[in-house]
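Observations on the model geometry
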Amino acid sequence: MSLVRRALPEDAGEVLRLRQVLIDSMPGADTSTGWQAASLATVRGRLADPDGGFAAFVVDHPERPGALAALVAGTLEYRIGRAGNPHGRIGYVFSVATDPAVRRRGYARACMAELVVWFRERGVGQIDLTASPEAAPLYESMGFVRTPDPLMRLKF
């Protein structure tokens, strides 16, 4: 039996907790937590919709019942097709986080493997993610490669 399972609506609070663990690890990030209360219902709703293009895979915390040890979340996206991905389906991975107390046990890797399967089952032509220097070796060992595509962002 796998340690990994698909996150359920009742996991929403823990999903947000692990999302905050990720945010807190990013230099210069806004580490305020007030956003979580406003986000809770949205995350719960997305987790309740198994066909909505969003998935989170988790591992339950081995020492704290009701808590999560690891989280990997991703979405299905669409772009106009191109060579190598004529149907334009793209998987985007985000919120890869492990509770600091249980790191280095393979939980994030196991969750990533399940998310990759989920994407493949939905016919994606590529999977994108942004990797920190610390996480890059994990992704590289799974076949991810750096791309020359520059990322820019507009915030509202």
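Residues numbered from 1 in each chain as written. Predicted model: local features only at pLDDT ≥ 70, side-chain atom pairs only at ≥ 80, totals over all residues. Heavy atoms only, no water.

1. Some words on the sheet that holds strand S4 (residues 89-98)
Spatial ordering of the open sheet is given by S1-S2-S3-S4-S5, a layout of five strands whose pairing is mixed. A strand with exactly one partner marks an edge of an open sheet, and here the two such strands are strand S1 (4-6) and strand S5 (126-128). Sheet twist, expressed as the mean angle between neighbouring strand axes with direction ignored, is 25 degrees. Note: S1 against strand S2 (residues 54-60), three bridges, orientation antiparallel. Among the inter-strand pairings, valine 4 is bridged to a residue of S2, identified as valine 59. Each of S1, S2, strand S3 (68-78), S4 and S5 is contacted by helix H3 (residues 107-121), which is oriented at about 25 degrees to S3, the strand it contacts most. (Pairing = 2+ DSSP bridges. Helix = DSSP H or I, 4+ residues; strand = E, 2+ residues; numbered from the N terminus. Axes fitted to C-alpha atoms, helices over the stretch in contact; angles between N-to-C directions. Contact = heavy atoms within 4.5 Å.)

2. Digging into the layout of surface pockets
Taken as a whole, the largest pocket encloses approximately 1600 Å³ of empty space. Along the wall of the largest pocket there are 47 residues; nearest its centre are Leu22, Ser95, Val96, Ala97 and Tyr139. Looking at the lining of the largest pocket, the elements with two or more residues in it are helix H1 (12-24), helix H2 (35-48), S3, S4, H3 and helix H4 (136-141). Sort the elements by how many residues they give to the lining of the largest pocket and S4 lands first, with seven residues. Around the second largest pocket, the lining is made up of 22 residues, and of these Asp128, Leu129, Thr130, Thr147 and Asp149 lie nearest the centre. Those elements that provide at least two residues to the lining of the second largest pocket are S4, S5 and H4. (1 Å grid on protein atoms, 1.4 Å probe; cavity = no way out; pocket = protein on both sides within 12 Å on 5 of 7 lines; lining within 4 Å. Points joined across faces, edges and corners; volume = space filled by probe spheres on them.)

3. Side note on the environment of serine 132
By the element assignment, serine 132 lies in the loop between S5 and H4. On a C-alpha basis, the gap between serine 132 and methionine 26 in space is 8.6 Å, while along the polypeptide they are 106 residues apart.

4. Some details on the pairing of S3
For S3, the tally of buried residues reaches eight of 11 residues, placing the bulk of the element in the interior. Bridge analysis of S3 against S4 gives eight bridges, and the strand direction is antiparallel. Each bridged residue has a counterpart across the sheet, and for glycine 74 the counterpart in S4 is valine 93. (Buried < 20%, exposed > 50% of the residue type's maximum accessible area, 1.4 Å probe, protein only.)

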